[in-house]
Amino acid sequence: KAGVTQTPRYLIKTRGQQVTLSCSPISGHRSVSWYQQTPGQGLQFLFEYFSETQRNKGNFPGRFSGRQFSNSRSEMNVSTLELGDSALYLCASSLASGRAAGELFFGEGSRLTVL
Amino acid sequence: AQTVTQSQPEMSVQEAETVTLSCTYDTSENNYYLFWYKQPPSRQMILVIRQEAYKQQNATENRFSVNFQKAAKSFSLKISDSQLGDTAMYFCAFLDSGGYQKVTFGTGTKLQVIP
């Protein structure tokens, strides 16, 4: 079974631009979560989608948005990029139910550098 | 809001020895899950072990075991017979039972296994 796939793996943007990151979950997983990982802040929860609905959102400004498609693939978008948005963005998929609650399967991440 | 604290930023252990990573958490919830995730250098984060708060028995997975002290809100990870492949960042994480997949992570402990 294929794992979680994130694209692109690396990207460089300049301040003020926007970026879209993509995540394809493991087949059968309907929940997709996004995390921002930085050396100073660690892993910060961005949002979680389940069956195309955002169920939870972290404490990030409105510049950070996401969506999920009917095939469970998800995208996140960051508009008006700031230097502080430079980070590794991790996507995780899960079955999100019962015994699998909290069991996240992570992708390799998209490393964003904002210049 | 839940918080997860890992007070050991870095640790080292000799190959074949045993090491314990500490984690404390704060929550007012009674039903929740605790996890240890491992992030090897430049590789995907994976789940190491999972504990359900209502279970008194400590979880074990091969060389990995936890010491779960619910009253003290403590959740430590013991790695026995340490191997070079155990070198990684280890994150303690929390999910309350009603929190969908909003997992809260600690800041991580960087473990180096020395040959």
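In this text the structure is predicted, and so the values were computed from the model without any measurement.

### A short note on the nonpolar core
Part 1 of the argument: The biggest cluster of nonpolar side chains holds 25 residues, and the ones touching the most others in it are Tyr25, Trp36, Phe75, Leu77 and Tyr90 of chain B.
Part 2 of the argument: Contributions of two or more residues to this core are made by β3 (19-21), β5 (32-39), β6 (46-52), β8 (64-69), β9 (74-79), β10 (88-96) and β12 (109-114) of chain B.
Part 3 of the argument: Ignoring sequence-local partners within four residues, the contact set of phenylalanine 75 of chain B consists of Ser22, Cys23, Tyr25, Leu34, Phe35, Trp36, Gln51, Val66, Asn67, Phe68 and Cys92 of chain B.
Part 4 of the argument: Core analysis: the next-biggest nonpolar cluster, separate from the first, contains 21 residues, Phe47, Tyr49, Phe60 and Val78 of chain A among them.

### So, the layout of surface pockets
Part 1 of the argument: In this structure, the largest pocket spans a volume of roughly 650 Å³.
Part 2 of the argument: Looking at the lining of the largest pocket, the elements with two or more residues in it are β4 (31-38) and β9 (87-94) of chain A together with β10 and β12 of chain B.
Part 3 of the argument: Considered class by class, the residues forming the lining of the largest pocket number 13 nonpolar, 13 polar and five charged.
Part 4 of the argument: Looking at the second largest pocket, it is lined by 22 residues, and the ones nearest its centre are Gln44 and Phe45 of chain A together with Gln2, Lys102 and Thr104 of chain B.
Part 5 of the argument: Examining the composition of the lining of the second largest pocket, we find that four residues originate from one element, strand β5 (residues 42-50) of chain A, more than from any other.
Part 6 of the argument: Split by residue class, the lining of the second largest pocket holds eight nonpolar, twelve polar and two charged.

### Let's talk about the pattern of salt bridges
Part 1 of the argument: Per the counting criterion, the structure on display carries ten salt bridges over all chains.
Part 2 of the argument: Two residues, arginine 63 of chain A and aspartate 85 of chain A, come together in a salt bridge whose shortest N-O distance is 2.8 Å. Separated by 22 residues along the polypeptide, arginine 63 of chain A in the loop between β6 (53-57) and β7 (64-68) and aspartate 85 of chain A in the loop between β8 (74-78) and β9 bring together distant segments of the chain.
Part 3 of the argument: Here aspartate 85 of chain A falls in the buried class, since its relative accessible area comes to 4%.
Part 4 of the argument: For the salt bridge of glutamate 52 of chain B with lysine 55 of chain B, the shortest nitrogen-to-oxygen distance reads 3.0 Å.
Part 5 of the argument: Taken together, the salt bridges that share partners define one network made up of Arg63, Glu82 and Asp85 of chain A.

### What about unusual backbone geometry?
Part 1 of the argument: With an omega of -10°, the peptide bond between threonine 7 of chain A and proline 8 of chain A qualifies as cis.
Part 2 of the argument: Mapped onto the fold, proline 8 of chain A is located in the loop between β1 (5-7) and β2 (10-13).
Part 3 of the argument: Although it is not a glycine, threonine 80 of chain A sits at a positive phi angle of roughly 45°.
Part 4 of the argument: Locating threonine 80 of chain A in the fold gives a position in the loop between β8 and β9.
Part 5 of the argument: A positive phi angle is found at asparagine 62 of chain B, which is not glycine, with a value near 55°.

Calculation criteria
- Residues numbered from 1 in each chain as written.
- Chains lettered and ligands numbered in written order.
- Predicted model: local features only at pLDDT ≥ 70, side-chain atom pairs only at ≥ 80, totals over all residues.
- Heavy atoms only, no water.
- Core = buried A, V, L, I, M, F, W, Y, C linked by side-chain atoms within 4.5 Å.
- Buried < 20%, exposed > 50% of the residue type's maximum accessible area, 1.4 Å probe, protein only.
- Helix = DSSP H or I, 4+ residues; strand = E, 2+ residues; numbered from the N terminus.
- Contact = heavy atoms within 4.5 Å.
- 1 Å grid on protein atoms, 1.4 Å probe; cavity = no way out; pocket = protein on both sides within 12 Å on 5 of 7 lines; lining within 4 Å.
- Points joined across faces, edges and corners; volume = space filled by probe spheres on them.
- Nonpolar A, V, L, I, M, F, W, Y, C, P; charged D, E, K, R; others polar.
- Salt bridge = Lys/Arg side-chain N within 4 Å of Asp/Glu carboxyl O.

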